[in-house]
Amino acid sequence: MTSKICIFAAENVKQQKNIIMAEAIDIRELNERIEQKSAFVTNLQTGMAQVIVGQKHLVESLLIGLLSDGHVLLEGVPGLAKTQAIKTLAGLVDGKFSRIQFTPDLLPADVIGTMIYSQKDEKFVVEQGPVFANFVLADEINRAPAKVQSALLEAMQERQVTIGKQTYRLPEPFLVLATQNPIEQEGTYPLPEAQVDRFMLKVVIDYPKLEEEKKIIRMNITGEEAKVTPVLKTEDIKEARAVVRQVYIDEKIEQYITDIVFATRYPEKYGLKELKDYIEFGASPRASINLALASRAYAFIKRRGYVIPEDVRAIAHDVLRHRIGLTYEAEANNVVSEEIISQIINKVEVP
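Every chain is numbered independently, its residues counted from 1 as its sequence is written. Only residues with pLDDT of 70 or above have their local features reported here, since the model is predicted, and side-chain atom pairs are shown and tallied only from 80 upward, although totals for entire chains, interfaces and linings are computed over all residues. Only hydrogens and water are set aside; all other atoms, that is, all heavy atoms of the structure, feed into the side-chain values.

A. Here's a closer look at the pattern of salt bridges. Should a side-chain nitrogen of Lys or Arg be within 4 Å of a carboxyl oxygen of Asp or Glu, the pair is scored as a salt bridge. Scanning the entire structure with this criterion turns up 12 salt bridges. In this structure, R143 engages E140 in a salt bridge whose closest nitrogen and oxygen atoms are separated by 3.0 Å. Assessed through its relative accessible area of 22%, E140 is described here as partly exposed. Within this structure, D69, R159 and R241 form a network of salt bridges that share partners. A 1.4 Å probe rolled over the protein chains alone gives each residue an accessible area, and that area as a share of the maximum for its type sets the label: buried under 20%, exposed over 50%, partly exposed in between.

Put into structure tokens, the structure is as follows:
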């Protein structure tokens, strides 16, 4: 009886070793395939560098949004090339691009389109708005009133638009790249939490470094504009997204992502009792999903077929900063969401 148990145990160990070896081979093959498929990332980064000086984090964030099928919100003072970066990315991908300059008097019809009467056909026909594009630049999005925000919300989440009684699908890929100015408050409308949560990333842009600014001056005083030539087609983006979905995420990484998000809701359970009075509400389940998706895209950009904890840590601030509600006590003590996220990342156990 004992010998049978020993034989069974030995076979079980052998099966486990075979499974581990098979997984190692699969990950190795996946790694090689992703290294080949991600070659176009270099072309995109090179194309962006011809127009945008520095701002490596901004470029990576735009690529993550593009590869993860997620919308991106850029925040920074005027003159930091937010709009230029988005236009350049759209120019590098051979897709339809449209720009909407948001103003307080904007109407939903100015974004999604409307019904107009055709005298020739003697009936009402649909005139599609600028939202019907692959890349939509929502410039200074916080200047639009609530009605416009609601109209854009359906487009961002459902990838469709309702005009009259008809619903129209938006083209694929569809990406909203929005900018907002944090220092001007006159004539602005704070984005509702429901809409802010639809943005996969909120990227805060800072001033360029000294050497970078000197290079920016040299590029602009010549009077020559850098020509942006498409290096990808929309079909290539769809194929790349399919490959990004194959990037391996271990169960331990999934647990790590879940712990980070749960720490924003119940900080006291993670040894961060001092943060409880500063957090009004934590990140939603959409944060967990986007953290996993963005981690995959980040690993893909780094030409890896698997996600490591450093990938999660690298994009955690961009995914979470707009999903944590702060209390009046936090504002009184000048505590910002970035500090809370940093404390959580430093406290949650890394797998």
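Moving on from the model shown.
B. Quick look at the confidence of the model for the chain. What pLDDT expresses is the predictor's confidence in each residue, scored from 0 to 100. On average, the chain scores 80 in pLDDT, and the residues at 70 or more come to 90%. Scored below 50 in pLDDT, residues 12-25 makes 0 contacts in the model with residues more than four places away or belonging to other chains. Any two residues whose heavy atoms approach within 4.5 Å are treated as being in contact.

C. How the structure looks around the packing of helix α2 (residues 40-49) against helix α3 (residues 56-68). The convention used is that axes are lines fitted to C-alpha atoms, helices contributing only their stretch in contact, and that angles between N-to-C directions extend from 0 to 180 degrees. Working definition: helices are DSSP H or I runs of at least four residues, strands are E runs of at least two. Numbering for both runs from the N terminus. Following both chains from N to C, one finds α2 and α3 inclined at 135°, their axes separated by 11 Å at the closest point. Taken together, the axes of α2 and α3 lie oblique to each other. In this structure, α2 meets α3 at a crossing whose hand is right-handed. Here F40, V41, L44, Q45 and M48 of α2 come into contact with α3, specifically with V59, L62, L63, L66 and L67. Polar here means any residue other than Ala, Val, Leu, Ile, Met, Phe, Trp, Tyr, Cys and Pro, which are nonpolar, and Asp, Glu, Lys and Arg, which are charged; Gly is therefore polar. Here the contact of α2 with α3 is built from residues that sort into 9 nonpolar, 1 polar and no charged. Angular relationships are summarised with four words: roughly parallel below 35 degrees, roughly antiparallel beyond 145, roughly perpendicular across 65 to 115, and oblique for the angles in between. Crossings are assigned a handedness: left-handed for a near helix turned anticlockwise from the far helix by less than a right angle, right-handed for a clockwise turn.

D. Examining helix α14 (residues 337-347) more closely. Every buried residue of α14 is accounted for by S337, I340, I341, I344 and I345. Angularly, the buried residues of α14 cover 130° about the axis, an arc narrow enough to put them on a single face. Buried residues along α14 sit against α10 (251-265), β12 (279-281), α12 (309-320) and β13 (325-326). Working note: the arc is built from the helix axis to C-beta atom directions.

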